[in-house]
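# Descriptive analysis of the structure
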Amino acid sequence: MSIEHCLIVHAAGRQLDLLRGEASRLVKGSKLGWSTDRADVGTRFCFEDAEVKKAFAIVCDNFGVFSKEA
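A brief look at the structure comes next. Numbering of residues starts from 1 in every chain and runs along the sequence as written. Note on the predicted model: pLDDT of at least 70 is required for a residue's local features to be given, and 80 or more for side-chain atom pairs to be given and counted; whole-chain, interface and lining totals, by contrast, use all residues. Side-chain figures throughout are based on the complete set of non-hydrogen atoms in the structure, without hydrogens or water.

## Overview of the pairing of strand β2 (residues 34–38)
Strand pairing follows a simple DSSP-based rule, namely that at least 2 bridges must link the two strands. Secondary structure elements are defined from DSSP: runs of H or I of at least 4 residues count as helices, runs of E of at least 2 residues count as strands, and each element is numbered from the N terminus. Strand direction decides the pairing type here: β2 and strand β3 (residues 43–47), joined by five bridges, are antiparallel. Each residue of the ladder has a partner; that of serine 35, found in β3, is cysteine 46. In textbook terms, the turn of a hairpin is the stretch between consecutive antiparallel strands, and for β2 and β3 this stretch comprises four residues, one of which, glycine 42, has a positive phi near 105 degrees.

## Observations concerning unusual backbone geometry
Unlike most non-glycine residues, lysine 31 shows phi in positive territory, near 60 degrees. Relative to the helices and strands, lysine 31 resides in the loop between α1 (13–27) and β2. Any residue under 20% of the maximum accessible area for its type is buried, any over 50% is exposed, and the rest in between are partly exposed; the area is computed with a 1.4 Å probe on protein chains only. In this structure lysine 31 comes out as exposed when scored by relative accessible area, which is 80%.

## Some remarks on the sheet that holds strand β1 (residues 6–9)
Picture the strands of a sheet paired through backbone hydrogen bonds; they go either parallel or antiparallel. Read from one edge of the open sheet, four strands run β2-β3-β1-β4, paired in antiparallel fashion. The two strands at the open ends of the sheet, each matched to only one other strand, are β2 and β4 (67–69). Taken over all neighbouring pairs, the strand axes of this sheet differ in orientation by 25 degrees on average, direction set aside. Set on the sheet, α1 makes contact with β1, β2 and β3; between it and β3 the angle comes to about 5 degrees. Its contacts with the sheet put helix α2 (residues 50–62) on β1, β3 and β4, and the angle it makes with β1 is roughly 15 degrees. Here an axis means a line fitted to C-alpha atoms, over the contact stretch when the element is a helix, while the angle between two N-to-C directions is reported on a 0 to 180 degree scale. Whether two residues are in contact is decided by their heavy atoms: any pair within 4.5 Å suffices.

## Notes on the packing of aromatic side chains
Planes of paired rings set the category: under 30 degrees apart is stacked, over 60 is edge-to-face and the rest tilted, where pairs are Phe, Tyr or Trp rings (Trp by its six-membered ring) whose centres lie within 6.5 Å. A full pass over the atoms with the stated rule returns three aromatic pairs. Members of the aromatic cluster, joined through ring pairs, are Trp34, Phe45, Phe47 and Phe56.

Okay, here's the thing in C-alpha cells:
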C-alpha cells in the first residue's frame, strides 16, 4: 500500500470509530485499500488514492475534527 496519501487526525473514542466507518464507506466498491495506525499525536489514516484522502479530509472538516498531512 502506498503510504504517501495519509492524514493524521486528532480524534478518540466514538469520534474515531465514526471516522473509521466513513473511511471504509469511501473506499467501499472501489477495491482500494486503507489503513490506520497510531501516530505520535493522533491517528494516521492512509489511503491508496489521493482523491479518497481529499474526500476523507472533507469528512473530517464536516465532523469538526482537526486533520493534517502526514
